[in-house]
Every structure is written in structure tokens, then in C-alpha cells.
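The primary structure of each chain is shown beneath.
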Amino acid sequence: MKGKQSVLIIGGGIGGLVCGAILSKEGYSVRVLEKHTVAGGGLHTFKRNGVEWETGVHVISGFQPDGVLRRLFNYLTITSSSHPEEGLEGLLIKPANPDGFDHFHVASDGITYKMAVGRENFVATLGAHFPEEKENIRRYIDRVYEICDGVALFNLQAPSADIYSNTEIMSKSVSELIASYTSNPKLQALLAWNNVLYGGEKEKTPAYVGALITQFYIEGASRFVGGTQQLADLLVAVIEQNNGEVLTGNGARFIDIQDRHIQKVIADDGEEFTADWYISAIHTSAMFKLMDLSKIQKSYYQRIDNIPNSYSTFAAFITFKPQSFPYLNYTGYYAPDYDDVWKCAEYTNETWPRGCMYLTPPVTENDVFAQKMIVNTIMNFDTVRQWENTTVGKRGDDYLAFKKQCEEKLLNMLEKPFPDIRSKIDNIFCASPLTIRDYYGSKEGANYGTVKDCNNMIASNISIRTKIDNLLLTGQNINLHGILGVPLTAIATCGELLGMEYLLGKINGEGK
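Everything numeric in this text was worked out from a predicted model, so none of it was measured.

Scoring rules and cut-offs
- Residues numbered from 1 in each chain as written.
- Predicted model: local features only at pLDDT ≥ 70, side-chain atom pairs only at ≥ 80, totals over all residues.
- Heavy atoms only, no water.
- Phe/Tyr/Trp six-rings, centres within 6.5 Å; stacked < 30°, edge-to-face > 60°.
- Helix = DSSP H or I, 4+ residues; strand = E, 2+ residues; numbered from the N terminus.
- Buried < 20%, exposed > 50% of the residue type's maximum accessible area, 1.4 Å probe, protein only.
- Pairing = 2+ DSSP bridges.
- Core = buried A, V, L, I, M, F, W, Y, C linked by side-chain atoms within 4.5 Å.
- Contact = heavy atoms within 4.5 Å.
- Axes fitted to C-alpha atoms, helices over the stretch in contact; angles between N-to-C directions.
- Salt bridge = Lys/Arg side-chain N within 4 Å of Asp/Glu carboxyl O.

### Let's talk about the packing of aromatic side chains
Enumeration according to the criterion identifies 23 aromatic pairs in this entry. Their ring planes at 80° and their centres at 5.4 Å tell us that tryptophan 53 and phenylalanine 317 sit as a pair that is edge-to-face. One end of the pair, tryptophan 53, is in strand E4 (residues 51-54); the other, phenylalanine 317, is in strand E16 (residues 312-320), and 264 residues separate them in sequence. Just as tryptophan 53 is buried, phenylalanine 317 falls in that class too. Ring centres of phenylalanine 317 and phenylalanine 429 lie 5.0 Å apart, and the angle between their planes is 10°; on these two criteria the pair is classed as stacked. Note that phenylalanine 317 is positioned in strand E16 and phenylalanine 429 in strand E20 (residues 425-431), a separation of 112 residues in sequence.

### Quick notes on the pairing of strand E3 (residues 45-48)
Sheet topology places E3 next to E4; four bridges connect them, and they run antiparallel. Each bridged residue has a counterpart across the sheet, and for arginine 48 the counterpart in E4 is valine 51. Where E3 folds back on E4, the antiparallel hairpin that results is connected by two residues, among which asparagine 49 adopts a positive phi of roughly 55°.

### Brief notes about the nonpolar core
Counting residues in each nonpolar core, the largest one holds 147 residues, and the members touching the most others are Ile22, Leu72, Leu235 and Ile491. Beyond its immediate chain neighbours, meaning those up to four positions away, isoleucine 22 contacts Leu72, Tyr75, Leu76, Ile491, Cys494, Leu498 and Leu503.

### Observations concerning the sheet that holds strand E11 (residues 245-248)
The strand order E11-E2-E1-E15-E21 describes an open sheet built from five strands, whose pairing is parallel. Looking at the sheet topology across the chains shown, the edges are occupied by E11 and strand E21 (471-473). Adjacent strand axes in the sheet meet at a mean angle of 20° when their direction is disregarded. Sheet topology places strand E1 (residues 6-10) next to strand E2 (residues 29-34); five bridges connect them, and they run parallel. Considered in E2, the bridge of isoleucine 10 is made with leucine 33.

### Describing the side chain of serine 222
Considering the arrangement of structural elements, one finds serine 222 in strand E10 (residues 222-224). When neighbours within four sequence positions are excluded, serine 222 is seen to be in contact with Val59, Ile60, Ile93, Lys94, Pro95 and Ala96.

### Comments concerning the pattern of salt bridges
Taken as a whole and judged by the stated rule, the model has 21 salt bridges. Among the ionic pairs, glutamate 272 bridges to lysine 264, the shortest N-O distance being 3.3 Å. In this structure lysine 264 comes out as partly exposed when scored by relative accessible area, which is 22%. Notably, a salt bridge pairs glutamate 407 with lysine 404, separated by 3.0 Å at the nearest N-O pair. With glutamate 407 and lysine 404 both in helix H13 (residues 397-414), this residue pair falls three residues apart, about one helical turn. On the basis of relative accessibility, which here comes to 8%, the residue glutamate 407 falls in the buried class.

### Digging into the sheet that holds strand E13 (residues 261-267)
Read from one edge to the other, the open sheet built from three strands follows the order E12-E13-E14, with strand pairing classed as antiparallel. Only two strands of the sheet have a single partner each, and these edge strands are strand E12 (252-258) and strand E14 (272-273). Taken together, the two bridges between E13 and E14 define a ladder with antiparallel strand orientation. Residue pairing for E14: valine 265 is matched across the bridge by phenylalanine 273.

Structural data, given as C-alpha cells:
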């Protein structure tokens, strides 16, 4: 490891906090600038009418024995309350139903398919619906695991070759991979049941993205009990315990670049910060807005800024009357028909929404009834573009009427699997892609970062290293989004400073 150096991290979301925790633990002097009053990004929770709500991360995995996130957070002395011997007791985690961590309901034939935890259980449970396809399901899942075994960072191993050199898994889409194992259109759709969880697009999303997400949750889907803010708070605590700082309510206003080198960062309050290294953990488009672009190679920032963004979501936040709606220990997916799995982002005003994802976040470890439900459905930014120049709370009556119409359509859809749900609702409010854009700073409210396109992976790739010699990138635009992809990218970012073999050795507990 190199001697003590200073690092300024722009953005206190998952990626920024994980980078800050790792680097502060390894002796770097760390400061994190976060524009919101509370750090966390996708881990952030907020209260409305006395109820706490998650904003981004709803479903997790990787905390099973030898799980990738369990190893990372054990290294950071953050672990689940069920394993306090491994570090700071703090994270409250509830495993989803092992017999069906995800339920996928298809309205056209009224069947609910359950996705079971564990490789063999998954094959057996889905295979029971398609006995003649069971061997094909097994072969497909075997291939998913083979692909994941070949992605070194997913296994916390130092990569021996650039992942982009593996043309088989990079140039083939998720749909092509599935189709190579079964020609049954219903089964093809079911094997892509979780498309909306990772921004999947039929002809674009690389096979490795779908494979990583699928195996990740088959191995042990879980949820945070009491919300995701607990993980953000523990990451902040790690940074502070190692003499770092997380400065909230004070984002970056200007990044001063001279000769392809950052001289300083000026914060919103006018304070100037200097460091040996800078890490941007915000959307690349938001980062470029903080720079004098004449100081950057034009072809570099234009290529990155022109990468398409993934679609956004419309979300409903429902509070139930006391003891009226059962707690669901699974994540539900609903689609009018099988083909809607692939076409969730292709809709008209008449056909929206083309499916949804819903869950009841646990308040305690032993919930019997649900306090609340979060419902997400795909919405493109073009649907709300007419209000793009408005701000929160000042979008006008026509926007409020639009949201109300969307709310009604979403409730109409929820009545299909839950016919009496309206009678059990105490309160409901909704958020659109504009809300996501304004709170997360993601371009056009993109929920899943920039699009990873198997048809041109090099063009859609954003490197951790930049054309500015002391600036590194992290976050969901770089490799993969969410509670899996962002921490792994943070490890790769920190590995640029610490050395990947050294850092992975520490995370894997080598030399203890």
C-alpha cells in the first residue's frame, strides 16, 4: 500500500461511501462531499406522515456465507446482527422466502410462478411448470453460473483479463442467451422475469449483466429490516472512525482543472478543497456540468455524455390500514402477458403500465402484517418531458393531474393480484422520473445508470481512469448498478490506488 494520501470524494451515495470506508480504513485521509442533508444516495430513506420509506435499494443479496457483500462488509467491520462475532453488530437483514423469493404473476393465464432460493431449488420449482423443459432450464442456469465464475470481480478475485475481451458474454444479449437454451416463448420470458430490476432491454443488455443479477439473487435474496439508511449510517461511521469526514448539505459547485489535473474543488458554500486524488461518485453528466469543458478533451466527454441512459420509473408509496394487508416475504412481479417482460418500456398512454414490481418492506424481523408497500413500474423520461424545466413542488396542476391518472392506472393493475387492495389503503403518494432526476442527480431520472449495449460494448464502456490524471470514477454508470454493482465498482476504483491484489487480499481475509 502507498503512503498516506488525501482523497476527496464527490457524492455520498453507495459508491462514494464504500470508497470512503475502504480508503479511510487503509490509511487515506478522506473527505466526502454530499449535497443532500443525509448521505446514502440509493440507500437514503425519508419520512412522510411518520412512515419511513426507502428510495432506491429494496432487494439485496450477497450476505449468505461467503457472499460477496458479506465479505466486503466484514472487512469494513459491518455485518449482519446475526453474525456479530464478525464485526460491528448493525445490519438487520431478513431473508426472503426460500421457496419463492420472487413471485411472477402473468395475468393472461392466471399463473403465479415462484423463483426459489438455491440453484437446484430454482431449477426444480420452475421446471415443475415446464417438465419437458427442465433439462434446458438446468443447462441455462449452469451457463449462468459459468458466466459468473468467469467474472473475476464478482468473485472478489483480481481480473486476469479485461472482461470486454470475452466476446461471447459481451456481444450476446440476455434474450439471445436464453433463446439458445429454449425455444419456448413463455419460458424465455420467465427466465427474464427480473428485467425491470436491472434495466434489462431485450436486444441490448449483455448476457453477463443478466447472469450476474440472476445468480446473485438465486443465492440468497434478502431485505433490510427497518430500511436501507442503516447501511449508509454504518458506512459513514466507518469513515469517521478512521478520521475521515462526510460533509452533508454541501455538494461540489466547481471542479478546477488545469493541465488535465484537478487543482481544487469549490463547494456550494464556497469552501475550497484540495486533495491528492479525487473520486467522482455522481452521474458523469452531472460531473461534467461542474467543469470548464474547454479544459477537457472534447471527444472524451462527448462520448461519455452521449451514452444513452437507462429508463426510469414511476413509483407509488402505499400505507395500509393497521393489520389489514399481509406482509409479503417476497418481491412480486406482475405482467399482463408474457411478452410484456420484454416490452415494459414500450408503451402508449393507453397501454401504460406494462407490468410492475411490488414489495412490502419489513419494519420488524417478524412482521405478520404489512405497514407499507412500494410499487415500481417503468416510465420513460419522454413521458414527463413537458415538465423537465420545473422543480419539486412547483410543477403545476397539470402535472398533479397526470400523477393522479398514473396512480389510478397503477392501482387498477394492483387490483388484479389483490382485488380488495383499495379498501386496505390508508394513504398513497407517487413519484415520477422527475423526482428521481432531481433527488439523485441522474440524467433523465435514469434508475440503472447508462445503458450497457452488447451491440457496442466499447462505446458504452466508461473507464474508472479518466483523461484527468488525478480523477477516478465510481458508481452505477461504470460497471453495474445497484447493491451488487456499485460496491464492486467501488472496490475496483479503490484498487486503482491501493492495488487490486492487495485490496482483494484484505477483503478476503488473507494473511489474518
